[in-house]
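What the coordinates show
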There are 4 protein chains.
Amino acid sequence: VDDWRRLEDLTLSEFESVASKRVQERVWAYIQGGSGEERTLRANREAFLRRTVRPRALVDVSELDLRTPFLGHTTAAPFFVSPMAYQAEVHPDGEVGVARAARDHGILASYSTLSSNSLEDIATVSRSTPRWFQLYLQPDPLVGERLVQRAEAAEYSAVVLTVDTPVLGVRDRQTIGGFAMDSSVPIGNGGEVLPPARAPAQQGNVYRLRDEASQTWGVIDRLRSHTKLPIVVKGILSAEDARQALAHGAKGILVSNHGGRQLDGAPATLDVLPEVVTAVGKDAEVYVDGGARRGTDILIALALGARGVGIGRPVLWALAVGGADGVRRYFELLKVELATVMALAGVRSVAEIDRDVLRDPG
Amino acid sequence: VDDWRRLEDLTLSEFESVASKRVQERVWAYIQGGSGEERTLRANREAFLRRTVRPRALVDVSELDLRTPFLGHTTAAPFFVSPMAYQAEVHPDGEVGVARAARDHGILASYSTLSSNSLEDIATVSRSTPRWFQLYLQPDPLVGERLVQRAEAAEYSAVVLTVDTPVLGVRDRQTIGGFAMDSSVPIGNGGEVLPPARAPAQQGNVYRLRDEASQTWGVIDRLRSHTKLPIVVKGILSAEDARQALAHGAKGILVSNHGGRQLDGAPATLDVLPEVVTAVGKDAEVYVDGGARRGTDILIALALGARGVGIGRPVLWALAVGGADGVRRYFELLKVELATVMALAGVRSVAEIDRDVLRDPG
Amino acid sequence: VDDWRRLEDLTLSEFESVASKRVQERVWAYIQGGSGEERTLRANREAFLRRTVRPRALVDVSELDLRTPFLGHTTAAPFFVSPMAYQAEVHPDGEVGVARAARDHGILASYSTLSSNSLEDIATVSRSTPRWFQLYLQPDPLVGERLVQRAEAAEYSAVVLTVDTPVLGVRDRQTIGGFAMDSSVPIGNGGEVLPPARAPAQQGNVYRLRDEASQTWGVIDRLRSHTKLPIVVKGILSAEDARQALAHGAKGILVSNHGGRQLDGAPATLDVLPEVVTAVGKDAEVYVDGGARRGTDILIALALGARGVGIGRPVLWALAVGGADGVRRYFELLKVELATVMALAGVRSVAEIDRDVLRDPG
Amino acid sequence: VDDWRRLEDLTLSEFESVASKRVQERVWAYIQGGSGEERTLRANREAFLRRTVRPRALVDVSELDLRTPFLGHTTAAPFFVSPMAYQAEVHPDGEVGVARAARDHGILASYSTLSSNSLEDIATVSRSTPRWFQLYLQPDPLVGERLVQRAEAAEYSAVVLTVDTPVLGVRDRQTIGGFAMDSSVPIGNGGEVLPPARAPAQQGNVYRLRDEASQTWGVIDRLRSHTKLPIVVKGILSAEDARQALAHGAKGILVSNHGGRQLDGAPATLDVLPEVVTAVGKDAEVYVDGGARRGTDILIALALGARGVGIGRPVLWALAVGGADGVRRYFELLKVELATVMALAGVRSVAEIDRDVLRDPG
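Residues numbered from 1 in each chain as written. Chains lettered and ligands numbered in written order. Predicted model: local features only at pLDDT ≥ 70, side-chain atom pairs only at ≥ 80, totals over all residues. Heavy atoms only, no water.

**Some thoughts on the overall build of chain A**
For chain A, the helix and strand inventory stands at 13 helices and 13 strands. Its C-alpha atoms give chain A a radius of gyration of 19 Å, within 12% of the compact-globule value 21 Å for 362 residues. The principal-axis extent of the C-alpha atoms belonging to chain A is close to 70 × 50 × 40 Å. Looking at chain A as a whole, 67% of its 362 residues qualify as buried. Total accessible area on chain A is roughly 12100 Å²; 47% of this is exposed by carbon and sulfur atoms. The distance from the centre of the 42 positive side-chain charges to the centre of the 46 negative ones in chain A is 1 Å. (Helix = DSSP H or I, 4+ residues; strand = E, 2+ residues; numbered from the N terminus. Rg over C-alpha atoms; globule rule 2.2 N^0.38 Å. Buried < 20%, exposed > 50% of the residue type's maximum accessible area, 1.4 Å probe, protein only. Areas by Shrake-Rupley, 256 points an atom, 1.4 Å probe, with all protein chains shown as cover. Lys, Arg positive; Asp, Glu negative; His and termini not counted. Charge placed at Lys NZ, Arg CZ, Asp CG, Glu CD.)

**Let's talk about the arrangement of the chains**
Here chain A and chain C are not in contact; the least distance found between their C-alpha atoms is 22 Å. In this view chain B stays clear of chain D, with the nearest C-alpha atoms of the two still 22 Å from each other. (Contact = heavy atoms within 4.5 Å.)

**Examining the interface of chain B and chain A**
In this complex, chain B contributes 42 residues to the contact, which on the side of chain A involves 40 residues. Both faces considered, chain B and chain A share a buried interface measuring about 3400 Å² in area, 58% of it formed by carbon and sulfur atoms. Considering only the side of chain B, the residues that lose the most area to chain A are Arg39(B), Tyr207(B) and Leu263(B), jointly responsible for 22% of the buried surface there. Summed over the shared surface of chain B and chain A, the result is seven salt bridges. (Buried area = accessible area lost by both parts, 1.4 Å probe. Salt bridge = Lys/Arg side-chain N within 4 Å of Asp/Glu carboxyl O.)

**Details of the interface of chain C and chain D**
Often, the extent of an interface is quoted as the loss of accessible area on bringing the components together. Contacts between the two partners involve 39 residues from chain C, matched on the other side by 42 residues from chain D. Carbon and sulfur atoms make up 58% of the area that chain C and chain D hide from each other, which totals about 3400 Å². Broken down residue by residue, the surface that chain C buries against chain D is led by Leu58(C), Leu344(C) and Arg359(C), which jointly contribute 21%. Inspection of the region where chain C meets chain D yields seven salt bridges. Residues Arg54(C) and Glu240(D) are paired through a salt bridge, measuring 3.2 Å at the closest nitrogen-oxygen approach. One can count 16 residue pairs in polar contact (both at pLDDT 80 or more) joining chain C with chain D. Breaking the side of chain C that touches chain D down by element, the ones donating at least two residues are α4 (39-50), β1 (63-64), α12 (295-303) and α13 (313-345) of chain C. For the side of chain C that touches chain D, the leading source of residues is α13(C), giving nine residues. Looking at side-chain class alone, the side of chain C that touches chain D contains 18 nonpolar, six polar and 15 charged residues. (Polar contact = N/O pair within 3.5 Å; in protein donor to acceptor, adjacent residues only side chain to side chain. Nonpolar A, V, L, I, M, F, W, Y, C, P; charged D, E, K, R; others polar.)

**Re the confidence of the model for chain A**
Atom-level detail of predicted coordinates should not be read off regions where pLDDT is low. The predicted model of chain A has a mean per-residue pLDDT of 96, with 98% of residues at 70 or higher. Complex prediction metrics read pTM 0.97 and ipTM 0.97. (pLDDT = per-residue confidence, 0-100.)

**Side note on the pairing of strand β11 (residues 252-255) of chain D**
All names here are of chain D. Of the two faces of β11, the one lined by Gly252 and Leu254 and the one lined by Ile253 and Val255 are each fully buried. In this structure, strand β10 (residues 231-236) lies alongside β11, joined through four bridges in parallel fashion. Across the sheet, residue Lys234 finds its bridge partner in β11, namely Leu254. Regarding the hand of the β-α-β motif, the stretch spanning β10, helix α10 (residues 239-247) and β11 is right-handed. Across four bridges, the pairing between β11 and strand β12 (residues 285-289) is parallel. What sits directly across from Leu254, in β12, is Tyr287. For the segment spanning β11, helix α11 (residues 269-280) and β12, crossover handedness is right-handed. (Pairing = 2+ DSSP bridges. Right-handed = clockwise from strand over helix to strand, strands pointing away.)

**A short note on the sheet that holds strand β7 (residues 158-162) of chain D**
Residue and element names in this part refer to chain D. The strand order β4-β5-β6-β7-β10-β11-β12-β13 describes a closed barrel built from eight strands, whose pairing is parallel. Across the sheet, the mean angle separating the axes of adjacent strands is 30 degrees when strand polarity is ignored. Lying on the sheet, helix α5 (residues 94-105) is in contact with β4 (79-81) and β5 (108-111); it crosses β5 at an angle near 165 degrees. (Axes fitted to C-alpha atoms, helices over the stretch in contact; angles between N-to-C directions.)

**Looking at the relation of the copies chain C and chain D**
Placing chain C over chain D gives an RMSD of 0.0 Å and needs a rotation angle of 90 degrees, together with 0.0 Å of translation along the axis. The transformation relating the two chain copies, once decomposed into turn and shift, fits a four-fold axis. For chain C, the residue whose C-alpha comes nearest the rotation axis is Arg50(C), separated from it by 11 Å. (Least-squares fit on C-alpha atoms with pLDDT ≥ 70 in both.)

**Here's the deal with helix α10 (residues 239-247) of chain A**
Residues and elements named next belong to chain A. Within the sequence span of α10, burial applies to Ala239, Asp241, Ala242, Ala245 and Leu246. Projected down its long axis, α10 carries its buried residues within an arc of 165 degrees, all on one side. Phi for Gly249, located one or two positions after α10, is positive at around 95 degrees. (Arc of directions from axis to C-beta.)

**Some words on the packing of aromatic side chains**
Residue and element names in this part refer to chain A. Counted by the stated rule, this structure contains 52 aromatic pairs over all chains. Consider the rings of Phe80 and Tyr287, whose centres lie 5.9 Å apart with planes at 75 degrees: the pair is edge-to-face. Of this pair, Phe80 sits in strand β4 (residues 79-81) while Tyr287 sits in strand β12 (residues 285-289), and the two are 207 residues apart along the sequence. According to the relative accessible area criterion, Phe80 is buried, its value standing at 1%. (Phe/Tyr/Trp six-rings, centres within 6.5 Å; stacked < 30°, edge-to-face > 60°.)

**Thoughts on the sheet that holds strand β4 (residues 79-81) of chain B**
Residue and element names in this part refer to chain B. Taken in spatial order, the eight strands of this closed barrel run β4-β5-β6-β7-β10-β11-β12-β13, and their pairing is parallel. Neighbour-to-neighbour, the strand axes of this sheet turn through a mean angle of 30 degrees, independent of strand direction. When β4 meets strand β5 (residues 108-111), the two strands line up parallel, connected through two bridges. Paired with Val81 across the strands is Ala109, a residue of β5. Against the sheet, helix α11 (residues 269-280) engages β10 (231-236), β11 (252-255) and β12 (285-289), with an angle of about 175 degrees to β12.

**What to know about the pattern of salt bridges**
In this structure the tally under the stated criterion is 108 salt bridges over all chains. With a closest N to O distance of 3.7 Å, Glu14(C) and Arg6(C) form a salt bridge. Put simply, Glu37(A), Arg39(A), Asp264(A), Arg45(D) and Asp297(D) are held in one network by salt bridges that share partners.

**Description of unusual backbone geometry**
All names here are of chain A. Despite not being glycine, Leu71 shows a phi value in the positive range, around 50 degrees. Mapped onto the fold, Leu71 is located in the loop between β2 (68-70) and β3 (73-75). We note that Glu155 has phi near 65 degrees; this positive angle belongs to a residue other than glycine. Positionally, Glu155 belongs in the loop between α7 (141-153) and β7 (158-162). Since its relative accessible area comes to 61%, Glu155 is described here as exposed.

**With respect to the pairing of strand β5 (residues 108-111) of chain C**
If a strand is regular, its side chains alternate between the two faces of the sheet. All names here are of chain C. The alternating pattern of β5 places Leu108 and Ser110 on one face and Ala109 and Tyr111 on the opposite face, and all of these are buried. What joins strand β4 (residues 79-81) to β5 is helix α5 (residues 94-105), and the crossover it makes is right-handed. Handedness of the β5-helix α6 (residues 119-126)-strand β6 (residues 131-136) crossover: right-handed.

**Overview of the layout of surface pockets**
All names here are of chain B. Within this model, the largest pocket holds a volume of roughly 580 Å³. Ile31, His258, Gly259, Arg261 and Arg313 are, among the 38 residues lining the largest pocket, the residues nearest its centre. Counting residues per element, the lining of the largest pocket draws most heavily on helix α4 (residues 39-50), at five residues. Split by residue class, the lining of the largest pocket holds 14 nonpolar, 13 polar and 11 charged. (1 Å grid on protein atoms, 1.4 Å probe; cavity = no way out; pocket = protein on both sides within 12 Å on 5 of 7 lines; lining within 4 Å. Points joined across faces, edges and corners; volume = space filled by probe spheres on them.)

**Notes on the side chain of Asp289(A)**
All names here are of chain A. Turning to its location among the elements, Asp289 is positioned in strand β12. Lacking a salt bridge, the buried Asp289 has Lys234 as its closest oppositely charged neighbour, with an N-O distance of 4.7 Å. Within polar-contact distance, the side chain of Asp289 engages the side chain of Ser256 at 2.7 Å.

**Some points on the packing of helix α3 (residues 25-32) of chain B against helix α13 (residues 313-345) of chain B**
All names here are of chain B. For the pair α3 and α13, the least separation of the axes is 10 Å and the interaxial angle reads 155 degrees. By the angle between their axes, α3 is roughly antiparallel relative to α13. Contacts between α3 and α13 involve Trp28, Ile31 and Gln32 on the former and, on the latter, Arg313, Leu316 and Trp317. (Parallel < 35°, antiparallel > 145°, perpendicular 65-115°, else oblique.)

**Here's the deal with the environment of Gly305(A)**
Residues and elements named next belong to chain A. For Gly305, the position within the fold is in the loop between α12 (295-303) and β13 (308-311). Through-space distance from the C-alpha of Gly305 to that of Tyr287 is 8.5 Å; in sequence the pair is 18 residues apart. Among residues more than four places away in sequence, those in contact with Gly305 are Val277 and Val286.

**A short note on α3(B)**
Of all eight residues in α3(B), six are buried, a share of seventy percent or more. By the burial criterion, the buried members of α3(B) are Val27(B), Trp28(B), Ala29(B), Tyr30(B), Ile31(B) and Gln32(B).

Below you can see the structure in the form of structure tokens.
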């Protein structure tokens, strides 16, 4: 009871610090860390702080409509949960907890190949709320195919193919904290599923990666031959790669640098978003994740052309703070804040958000 | 006596830190906080620090004239008190204390709809010193009309219509500090007066705001039909909205982002000022508030075209430090500093301050 | 003896912190403080840090010549001591201590109207080393004339007329520290000499300054009629004012913002230097002070066209650290560092330093 | 054993802090310090952090080839050890320890004139791994010639001629820490070898440097007449000096500011690299050192045209942490990280790294 009252009072400013006290240090290092010196992790956040928004006064904003269609499914808001692994390490509620909260708030969520709960268990609690299945390429392509077939059977509405992880980034904070992305951390989707390779291995004069690192754009075509689900390509950071993804039939492009966990030195996603939006035009939906924390951030990303904004670490903070209840509280606060900033910016629906909302579209 | 001597010695650099020790924590959170991550709160201040001023030597500056007309009423200086609510929470002297200090120094002050003292009590102590009444749109328009009629009867010289608050910004610092802008804080202008709505409320698939959020620019025309007082529109942050305000008969435009308390991500007011000044031309007076602290700041804002500069938090700091006496000391110091920087910049009167005073007009 | 050995080991990086422990807090506040929020004080320093220098390799730099002519008098280096008041407050050696060190190192020094020692006592120890007398305009012009006549009699080689001080800047740090620039601090040049006015005084509807604040550029002509000494005008921060000074017969222009102690918000002197150099051409010598600390700073300022660089606070730090011996050690270190950076930049004499030394002349 | 396990777990983020606890304070001051205010030291690092890299997805990166030819000798990676003096002060393994690690990893290393171990002892352990001998010009040219002849006899593959040190920079941190670059620190190459001159000495009206400071570009020709080894010129920071070096027969240009230890205020090496690369074209190999710490840094420098990247302080940190074993661990981690960032950037070999890898080539 006491805890629940506390959750009711929590503001968006407090989830991170409260969460830091509720998880093990090794898990906190996993959640918070980026790769290398974490320059991309910082850049993601700073890119939002560089933009300014233009308030407009005396617009009729008595009714605010946050509903947003993602690949034909309407959800309650233009943000969604980015795929993140191992959520039972953060809180026993795990992905099933996130799914319950997402279902109750009508929020789109995506679930990792490396989820602690099985994709079927997640689907069961999600009911009719749309959900996406994230796929890491597997050394054995059959393992990947089976995952996609299960996702289709469990009525996921899209496959999010991650293309930025032929090998894991060098994540020192995580290593120092003692969180290993290996077989010691249980994966809900079955023992045959492998996390991305940890590092290249020296072999004579060269370094070698696992077989999936040899995949090129044709992998999207092959994936499409195994599923009717639309493909969202995650990890695009240039107009060139966006065009490649479209040419191979992607229906969605997720501009992402993996939360600053892969190539340290990669640009902030928000800085890349405009060139990808221009390259894609009306041929696919464009999403972005990395660094979004508040209602203003979502408004900015939408003004720069994103259909939706993926939320990563903050959902884990909320999960750490209070399991499914924590995530519910977070969704509630973020929706209310987004409705508030929309009202203050003089826009009544997500469809009305365009570049005019920004003072310096950068 | 001891305290009074201390006040005599105080410099402009010290009010904030002294004030922080003299008010309750919840009140301090209310005074200091902004919305969201407080990016706009910081931006307001930083915009002043980015400008540089050009000193001019060997100008005859033996006499310095700070007098400034506001809508036809001459005051002693080009700064004024921005409207701020609930001043009795800061010090028992409340708005009446500020009014006494403003009267003794000939400074224009504006008073909030949500003042702790009644607008009539404020008027009584103000005597012939000009004062403005700030109006928040009320869900029941009749309540607003009555407030304006009372202000006219009490010989206020203008109505400041706030247009940036269809709903309150999300003010986490204030929430965490435990200061609620609700019925628990007494309002001097009567029980029928309501603070702005705290947040949008979910209603089925949309979020709804109170009735006043549906108001558009015609509200200025309606307000003008109820009063002979000139209308100053507060909360303008774009040339477009400034033109709208003029088209509906505003006589003054107050460039303001509500001290960084409404849309977090809104631009610094000083950065917006030039485009508003250009749009308005000679059709109205333009004022600015947000982030001004020192004589140099006032000089900069005037050089960028403002007729006057609204002072917010520093007046509350001064009130916290010493009630009406604290505010008197603050006005005295700010006037002397402004006279000093004018002398050093080689300008003898506020009318002489133009863009040549700036090195990089930005 | 112990102390003397310590001084021998001191590096340029250490004078400031050592000095901070050797003077009274009120004196430290006086030395270190600027006006207002000290934005100009910070800007002076940052302007040097923004420039980069181009090293050149394999130039014959076996002999390095630092000698520099100032108004026809050759000194040992292109830096000089800027005028600073009240040096006996810093160390009993006072200006006479600085003069002994300057004499032993062949360094040009300028001495304030408000020196603790009399200008004659300073002259006596200086012997043939050139020295400048700084003049604050006095309310009674006869007082100023007599000072200049005494300086001429005592064989000073120039008069430095300060033009940026019709009133003192608002120096909060100094006020808080308790250092009053008033009659409580003895002035070596006699009781008739007045420091600049502390603040404008309200008189009815306006603020008034002392009589000298009414002086305009003609004051230079009048000064020239009373002395054969060349006039250096100190406190110029624009091409316009530099041209005025030249038109009235100035032989030197000292680009200065009074060490960030007068108009807070004034530009960094280094940023203004190029426009003044361009405006002045060959008609006068141009000097700069404010923020120079190291050999590299002097190289940069000379590359931007300064004939010489005034050193302020560091000389007081050195005086605080060890009296005349401290200043000697400082001069020695600064000369050696300047010779070193000249060698590394591939220039052999101050005459060889030009814009090519800079990578980005800004 | 315990220590060894620890070394196995160490990440690139930890070497610096671990090292700081394993060496004497005076040695730490020597390793870490720069000249003057260390502005160039900081600039070197910041220049890398300003660049961003473009990840490319779905490139076949299953095999990553880091091999890099330096002046015709193929090594295992595009980074090398920059010359650094006195390595036995850091760890008893000294340069011989670094040489063992470099040999085991196929990494090019360069060794200072001022090495603690003799160049012959270094050569013995290096075996067939290429190594470079760094030469400081000596006051007696015969001493330098003999060093070069010994290096040629010991099968070094190039001479690195340092041209930025006619005198040592003013290194306050080192002085304060008590590390003297004088005869108290043993030099492995024999008692006749001298470190660079510490400071210019006053002689009458000028400052003088030792004889070698009079050398100009012809010194390269003379050096070439004494050895068949190719000459790499170290300390170039402008296109002009690069052209001079080429004109006198240099085969390699090392863009270096001596790790921020010589001219404080010199530009970041990474900022200068592009103009040198353009000036040099295909006439020589261009290398860069200063500030590179991580795999991303190496990728950036190569993308800007460097053939190889010199690593300085991090090698000393690794040596301090664990002697030869520490350096082995460091090389292993840096190679794996470089292979990882290459994979994530979609490049398979160092030859494939070009400007397209950068988002903003600056």
